[in-house]
Amino acid sequence: MVTWLRQWFYTKEEIDSIVEGNIVVTDTGWLLLTLNSSDVQQYSVDAKPRIRLKDGVVWISGAVKKQTSISNQTSYKVATLPEEYRPTYTHNFVQQGTGVNRFNLNIKTNGEIIVERYSDNDTTAQTIPNEHWLNLNCSYHI
């Protein structure tokens, strides 16, 4: 049986088809992501860090900023995912930072969301200045 559906997301025909096929569809809807500390904040009103689990795919969306700089020698934990959102293996995503900067977003099997290797178009990791935009948009299958 269908365990949870959003009527507005599926048509009546799709829901009937799913019910008849005995397929389980899950959708948590968007939930706010709890950040690691008060030193990390959502970047703007429109960039709330949030997570969603839909049909076996985890979606992470939003952007954060840190109130103090992060050393170029540091991997910084932004948040920890609830257990049901954790991947079976580590995922790495190249993310856009402020301006031409980019960084690695590391999603670990223990649920840690890590920001590391912040850089402009150079190969050297740089200190992340305070208030810089750190994008958290990615998805992966669990």
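S.K.: Sorry if this is basic, but what is going on with the pattern of salt bridges here?
M.R.: A side chain with one charge can pair with a side chain of the opposite charge if their charged atoms come near. The full count for this structure, using the stated rule, is three salt bridges. Salt-bridge contacts for glutamate 116 lead to arginine 117; the nearest nitrogen and oxygen are separated by 3.9 Å. Relative accessible area serves as the criterion here: at 13%, glutamate 116 is assigned to the buried category.

S.K.: How do you make sense of the environment of leucine 53 when you look at a structure like this?
M.R.: Take leucine 53: it is sitting in strand β3 (residues 50-54). As a C-alpha pair, leucine 53 and threonine 26 span 27 residues in sequence and 7.4 Å in three-dimensional space. When neighbours within four sequence positions are excluded, leucine 53 is seen to be in contact with Thr26, Asp27, Thr28, Val58, Glu84, Tyr85 and Ile142.

S.K.: Would you explain the side chain of histidine 132 in this entry?
M.R.: Assignment of secondary structure puts histidine 132 in the loop between β9 (112-119) and β10 (134-135). Judged by relative accessible area, which is 18%, histidine 132 ranks as buried. Excluding its chain neighbours within four sequence positions, the residues that come into contact with histidine 132 are Tyr43, Val64, Lys65, Thr98, Asn101 and Tyr118.

What counts and how
- Residues numbered from 1 in each chain as written.
- Predicted model: local features only at pLDDT ≥ 70, side-chain atom pairs only at ≥ 80, totals over all residues.
- Heavy atoms only, no water.
- Salt bridge = Lys/Arg side-chain N within 4 Å of Asp/Glu carboxyl O.
- Buried < 20%, exposed > 50% of the residue type's maximum accessible area, 1.4 Å probe, protein only.
- Helix = DSSP H or I, 4+ residues; strand = E, 2+ residues; numbered from the N terminus.
- Contact = heavy atoms within 4.5 Å.

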